[in-house]
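# Report on the structure
These are the residues of each chain, in order.
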Amino acid sequence: MTNIVLFGPPGSGKGTQSAILKKKYGLVHISTGDVFRGLDPESELAKLAKSYSDKGNLVPDEITIEILESEVAKYPDAKGVIYDGFPRTSAQAAALDKFLTSKGTSVTCMLALDVQEDVLRERLKGRAIDSGRPDDADPAVIQNRIDVYNNQTAPVADFYKAQGKYIEINGIGSIEEISQRLIDALEAATA
Ligand code: AMP
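Rules used in this analysis
Residues numbered from 1 in each chain as written. Predicted model: local features only at pLDDT ≥ 70, side-chain atom pairs only at ≥ 80, totals over all residues. Heavy atoms only, no water. Helix = DSSP H or I, 4+ residues; strand = E, 2+ residues; numbered from the N terminus. Buried < 20%, exposed > 50% of the residue type's maximum accessible area, 1.4 Å probe, protein only. Lys, Arg positive; Asp, Glu negative; His and termini not counted. Salt bridge = Lys/Arg side-chain N within 4 Å of Asp/Glu carboxyl O. Polar contact = N/O pair within 3.5 Å; in protein donor to acceptor, adjacent residues only side chain to side chain. Contact = heavy atoms within 4.5 Å. Near = heavy atom within 4 Å. Areas by Shrake-Rupley, 256 points an atom, 1.4 Å probe, with all protein chains shown as cover. Nonpolar A, V, L, I, M, F, W, Y, C, P; charged D, E, K, R; others polar. Pairing = 2+ DSSP bridges. Axes fitted to C-alpha atoms, helices over the stretch in contact; angles between N-to-C directions. Parallel < 35°, antiparallel > 145°, perpendicular 65-115°, else oblique. Left-handed = near helix turned anticlockwise from the far one by under 90°.

Here we take up the side chain of Lys-14. Mapped onto the elements, Lys-14 comes out in helix α1 (residues 14-25). Buried and unpaired, Lys-14 has Asp-84 as its nearest opposite-charge partner, separated by 4.8 Å. Among the polar contacts listed, one links the side chain of Lys-14 to the backbone oxygen of Gly-8, at a separation of 2.9 Å. Apart from the residues within four sequence positions on either side, Lys-14 is in contact with Leu-6, Phe-7, Gly-8, Pro-9, Asp-84, Gly-85 and Leu-113.

Right, let's talk about the side chain of Thr-153 for a bit. With respect to the helices and strands, the residue Thr-153 is situated in helix α8 (residues 139-153). Residues within four places of Thr-153 in sequence aside, it is in contact with Phe-7, Leu-58, Pro-87, Arg-88 and Val-148.

Turning next to the site of the ligand. In the vicinity of the ligand, 16 residues are found, and the nearest of them are Thr-32, Arg-37, Asn-57, Gly-85 and Gln-92. Here an oxygen atom of the ligand sits 2.8 Å away from a polar atom, N or O, in the side chain of Arg-37. With respect to the ligand, the backbone of Gly-85 contributes an N or O atom lying 2.8 Å from a nitrogen atom. Protein contacts shield 95% of the accessible area of the ligand, which totals 480 Å² for the unbound molecule. Looking at the shell around the ligand, the element that brings in the most residues is helix α2 (residues 32-37), giving four residues. Of the residues that constitute the shell around the ligand, the class distribution is four nonpolar, seven polar and five charged.

Taken in spatial order, the five strands make up an open sheet running β2-β3-β1-β4-β5, and their pairing is parallel. Strand pairing shows two members of the sheet lacking a second neighbour, β2 (28-31) and β5 (166-170), which therefore form its edges. For this sheet, the mean inter-axis angle between neighbouring strands, taken without regard to orientation, is 20°. Bridging between strand β4 (residues 109-114) and β5 involves five bridges; their strand directions are parallel. Within β5, the position partnered with Ala-112 by the bridge is Glu-168. The sheet strands contacting α1 are β1 (2-7), β2, β3 (80-84) and β4, and the helix crosses β3 at an angle near 170°.

Attention now moves to the packing of helix α6 (residues 117-131) against α8. A pair of packed helices is captured by two measures, namely the crossing angle of their axes and the spacing between those axes. Axis separation between α6 and α8 bottoms out at 10 Å; the angle between their running directions is 135°. One finds that α6 runs oblique with respect to α8. Taken as a pair, α6 and α8 cross one another with a handedness that is right-handed. Every residue of α8 that contacts α6 at Glu-117, Leu-120, Arg-121, Leu-124, Lys-125 and Arg-127 is listed here: Ile-142, Gln-143, Arg-145, Ile-146 and Asn-150.

Glancing now at the pattern of salt bridges. Counting across every chain of the model gives twelve salt bridges. Across the pair Arg-127 and Asp-136 runs a salt bridge whose closest N-O atoms are separated by 2.9 Å. Of the residues examined, Arg-127 reaches a relative accessible area of 30% and is grouped as partly exposed. Judged by relative accessible area, Asp-136 falls into the buried class, the value being 1%. Between Arg-145 and Asp-135 there is a salt bridge whose closest N-O contact spans 3.7 Å. Of this pair, Arg-145 sits in helix α8 while Asp-135 sits in helix α7 (residues 134-137), placing them ten residues apart in sequence. Judged by its relative accessible area of 9%, Arg-145 is buried. Taken together, the shared-partner salt bridges connect Arg-127, Arg-133, Asp-135, Asp-136 and Arg-145 into one network.

All right, on to the environment of Met-110 then. Its place among the elements puts Met-110 in strand β4. As a C-alpha pair, Met-110 and Ser-179 span 69 residues in sequence and 15 Å in three-dimensional space. Apart from the residues within four sequence positions on either side, Met-110 is in contact with Val-5, Phe-7, Val-156, Ala-157, Tyr-160, Lys-165, Tyr-166 and Ile-167.

Purely spatial values, then, with no claim about function.
Structural data, given as C-alpha coordinates:
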(Lines give C-alpha, C1' and ligand atoms only; values in the text may rest on other atoms or scores of the structure.)
Protein backbone atom coordinates (compact mmCIF):
# COMPACT_ATOMS: atom_id res chain seq x y z
CA MET A 1 0.00 0.00 0.00
CA THR A 2 1.27 3.46 -0.91
CA ASN A 3 0.73 6.08 1.80
CA ILE A 4 1.87 9.52 0.76
CA VAL A 5 1.94 12.46 3.14
CA LEU A 6 1.67 15.51 0.89
CA PHE A 7 3.05 18.29 3.03
CA GLY A 8 3.45 22.03 2.73
CA PRO A 9 2.17 25.36 3.98
CA PRO A 10 -1.31 26.71 3.16
CA GLY A 11 -1.37 27.72 -0.50
CA SER A 12 1.53 25.47 -1.48
CA GLY A 13 -0.63 23.49 -3.94
CA LYS A 14 -1.35 20.32 -1.92
CA GLY A 15 -4.99 20.12 -3.05
CA THR A 16 -4.21 20.70 -6.73
CA GLN A 17 -1.34 18.22 -6.76
CA SER A 18 -3.27 15.62 -4.75
CA ALA A 19 -5.99 15.61 -7.42
CA ILE A 20 -3.36 14.93 -10.12
CA LEU A 21 -1.62 12.14 -8.18
CA LYS A 22 -4.96 10.60 -7.22
CA LYS A 23 -5.96 10.36 -10.89
CA LYS A 24 -2.59 9.11 -12.11
CA TYR A 25 -2.15 6.36 -9.51
CA GLY A 26 -5.77 5.56 -8.54
CA LEU A 27 -5.19 6.55 -4.93
CA VAL A 28 -7.68 7.78 -2.35
CA HIS A 29 -7.23 11.46 -1.48
CA ILE A 30 -7.99 12.44 2.10
CA SER A 31 -7.88 16.13 3.00
CA THR A 32 -8.79 16.74 6.64
CA GLY A 33 -9.64 20.36 5.71
CA ASP A 34 -12.15 19.07 3.10
CA VAL A 35 -13.56 16.58 5.61
CA PHE A 36 -14.13 19.36 8.16
CA ARG A 37 -15.73 21.60 5.51
CA GLY A 38 -17.94 18.70 4.36
CA LEU A 39 -19.51 18.03 7.78
CA ASP A 40 -23.21 18.78 8.27
CA PRO A 41 -22.98 22.50 9.17
CA GLU A 42 -25.63 22.06 11.85
CA SER A 43 -23.68 19.33 13.67
CA GLU A 44 -21.83 20.11 16.89
CA LEU A 45 -18.63 18.72 15.38
CA ALA A 46 -18.85 21.05 12.37
CA LYS A 47 -19.48 24.06 14.60
CA LEU A 48 -16.55 23.13 16.81
CA ALA A 49 -14.19 22.64 13.85
CA LYS A 50 -15.32 25.92 12.29
CA SER A 51 -14.64 27.80 15.52
CA TYR A 52 -10.96 26.91 15.01
CA SER A 53 -10.67 26.98 11.22
CA ASP A 54 -12.33 30.40 10.80
CA LYS A 55 -9.48 31.86 12.86
CA GLY A 56 -6.82 29.82 11.10
CA ASN A 57 -6.10 27.72 14.18
CA LEU A 58 -5.73 23.96 14.26
CA VAL A 59 -8.64 21.78 15.32
CA PRO A 60 -7.52 19.84 18.45
CA ASP A 61 -5.56 16.65 17.79
CA GLU A 62 -7.99 14.27 19.46
CA ILE A 63 -10.88 15.34 17.19
CA THR A 64 -8.74 15.50 14.05
CA ILE A 65 -7.19 12.06 14.58
CA GLU A 66 -10.60 10.49 15.12
CA ILE A 67 -12.00 12.15 11.98
CA LEU A 68 -8.96 10.99 9.96
CA GLU A 69 -9.24 7.39 11.14
CA SER A 70 -12.96 7.20 10.36
CA GLU A 71 -12.32 8.69 6.91
CA VAL A 72 -9.62 6.09 6.13
CA ALA A 73 -12.01 3.35 7.30
CA LYS A 74 -14.40 4.31 4.47
CA TYR A 75 -11.89 2.95 1.92
CA PRO A 76 -11.00 -0.59 3.05
CA ASP A 77 -9.91 -1.56 -0.48
CA ALA A 78 -7.71 1.49 -1.17
CA LYS A 79 -4.45 0.62 -2.86
CA GLY A 80 -3.03 3.78 -1.40
CA VAL A 81 -3.88 7.07 0.25
CA ILE A 82 -2.69 10.62 -0.21
CA TYR A 83 -2.83 12.41 3.14
CA ASP A 84 -3.30 16.11 2.42
CA GLY A 85 -3.20 18.49 5.37
CA PHE A 86 -2.61 15.66 7.85
CA PRO A 87 -0.51 15.21 9.98
CA ARG A 88 -0.18 18.85 11.07
CA THR A 89 1.30 18.24 14.54
CA SER A 90 3.88 15.80 15.89
CA ALA A 91 1.11 14.08 17.90
CA GLN A 92 -0.87 13.53 14.68
CA ALA A 93 2.22 12.10 12.97
CA ALA A 94 2.76 9.65 15.83
CA ALA A 95 -0.95 8.71 15.74
CA LEU A 96 -0.80 8.10 11.98
CA ASP A 97 2.22 5.81 12.39
CA LYS A 98 0.43 3.84 15.10
CA PHE A 99 -2.77 3.64 13.06
CA LEU A 100 -1.02 2.47 9.88
CA THR A 101 1.06 -0.04 11.83
CA SER A 102 -2.18 -1.50 13.23
CA LYS A 103 -3.32 -1.96 9.62
CA GLY A 104 -0.04 -3.64 8.66
CA THR A 105 1.19 -0.73 6.57
CA SER A 106 3.23 2.49 6.97
CA VAL A 107 3.92 5.91 5.49
CA THR A 108 5.79 5.49 2.20
CA CYS A 109 7.19 9.03 2.10
CA MET A 110 6.50 12.64 2.88
CA LEU A 111 6.53 14.83 -0.22
CA ALA A 112 7.03 18.37 1.06
CA LEU A 113 6.20 21.31 -1.23
CA ASP A 114 8.59 24.19 -0.65
CA VAL A 115 7.13 27.65 -1.42
CA GLN A 116 8.29 30.99 0.03
CA GLU A 117 5.90 32.98 2.22
CA ASP A 118 5.43 35.97 -0.10
CA VAL A 119 4.29 33.61 -2.88
CA LEU A 120 1.91 31.84 -0.47
CA ARG A 121 0.30 35.11 0.58
CA GLU A 122 -0.27 36.09 -3.06
CA ARG A 123 -1.69 32.67 -3.98
CA LEU A 124 -4.08 32.64 -1.00
CA LYS A 125 -5.27 36.16 -1.76
CA GLY A 126 -6.05 35.05 -5.34
CA ARG A 127 -7.77 31.88 -4.12
CA ALA A 128 -10.05 33.90 -1.79
CA ILE A 129 -11.84 35.31 -4.82
CA ASP A 130 -13.35 31.97 -5.81
CA SER A 131 -12.80 29.51 -2.93
CA GLY A 132 -15.60 30.96 -0.77
CA ARG A 133 -13.48 30.03 2.27
CA PRO A 134 -13.66 32.57 5.10
CA ASP A 135 -10.12 31.60 6.15
CA ASP A 136 -8.80 32.68 2.70
CA ALA A 137 -10.52 36.07 2.75
CA ASP A 138 -8.91 37.81 5.73
CA PRO A 139 -5.19 38.72 5.57
CA ALA A 140 -4.90 38.40 9.38
CA VAL A 141 -6.28 34.84 9.23
CA ILE A 142 -3.95 34.00 6.33
CA GLN A 143 -1.00 35.26 8.37
CA ASN A 144 -2.14 33.22 11.38
CA ARG A 145 -2.36 30.07 9.22
CA ILE A 146 1.20 30.67 8.01
CA ASP A 147 2.39 31.27 11.60
CA VAL A 148 0.58 28.15 12.86
CA TYR A 149 2.24 26.22 10.03
CA ASN A 150 5.70 27.52 10.95
CA ASN A 151 5.26 26.92 14.70
CA GLN A 152 3.21 23.73 14.95
CA THR A 153 3.30 21.99 11.58
CA ALA A 154 6.78 22.54 10.10
CA PRO A 155 8.36 20.42 12.91
CA VAL A 156 6.41 17.40 11.59
CA ALA A 157 8.99 17.25 8.78
CA ASP A 158 11.61 16.25 11.38
CA PHE A 159 9.51 13.23 12.30
CA TYR A 160 9.80 11.90 8.74
CA LYS A 161 13.40 13.09 8.27
CA ALA A 162 14.33 10.89 11.24
CA GLN A 163 12.74 7.95 9.39
CA GLY A 164 14.51 8.80 6.10
CA LYS A 165 11.12 9.44 4.47
CA TYR A 166 11.30 13.20 3.86
CA ILE A 167 11.54 14.44 0.27
CA GLU A 168 11.55 18.17 -0.45
CA ILE A 169 9.98 19.31 -3.73
CA ASN A 170 10.35 22.76 -5.26
CA GLY A 171 6.77 24.06 -5.21
CA ILE A 172 7.38 27.01 -7.54
CA GLY A 173 6.57 26.61 -11.23
CA SER A 174 3.65 25.52 -13.38
CA ILE A 175 1.20 22.94 -12.07
CA GLU A 176 2.59 20.45 -14.63
CA GLU A 177 6.22 21.10 -13.67
CA ILE A 178 5.46 20.58 -10.00
CA SER A 179 3.42 17.41 -10.58
CA GLN A 180 6.27 16.00 -12.69
CA ARG A 181 8.70 16.65 -9.82
CA LEU A 182 6.32 14.86 -7.43
CA ILE A 183 5.89 11.91 -9.80
CA ASP A 184 9.65 11.58 -10.30
CA ALA A 185 10.25 11.69 -6.54
CA LEU A 186 7.50 9.20 -5.80
CA GLU A 187 8.69 6.78 -8.45
CA ALA A 188 12.26 7.01 -7.15
CA ALA A 189 10.99 6.42 -3.57
CA THR A 190 8.96 3.36 -4.53
CA ALA A 191 11.36 1.85 -7.12
P1 AMP B 1 -6.90 23.14 4.90
O2 AMP B 1 -8.05 22.93 3.97
O3 AMP B 1 -5.95 21.98 4.90
O4 AMP B 1 -6.21 24.46 4.68
O5 AMP B 1 -7.50 23.18 6.38
C6 AMP B 1 -8.43 24.19 6.75
C7 AMP B 1 -8.55 24.24 8.27
O8 AMP B 1 -9.04 22.97 8.76
C9 AMP B 1 -7.24 24.44 9.02
O10 AMP B 1 -6.87 25.81 9.11
C11 AMP B 1 -7.57 23.85 10.39
O12 AMP B 1 -8.39 24.72 11.13
C13 AMP B 1 -8.41 22.64 10.00
N14 AMP B 1 -7.56 21.45 9.78
C15 AMP B 1 -7.38 20.76 8.62
N16 AMP B 1 -6.54 19.73 8.79
C17 AMP B 1 -6.16 19.78 10.09
C18 AMP B 1 -5.29 19.00 10.88
N19 AMP B 1 -4.61 17.95 10.36
N20 AMP B 1 -5.15 19.33 12.20
C21 AMP B 1 -5.83 20.36 12.75
N22 AMP B 1 -6.65 21.15 12.04
C23 AMP B 1 -6.82 20.87 10.73
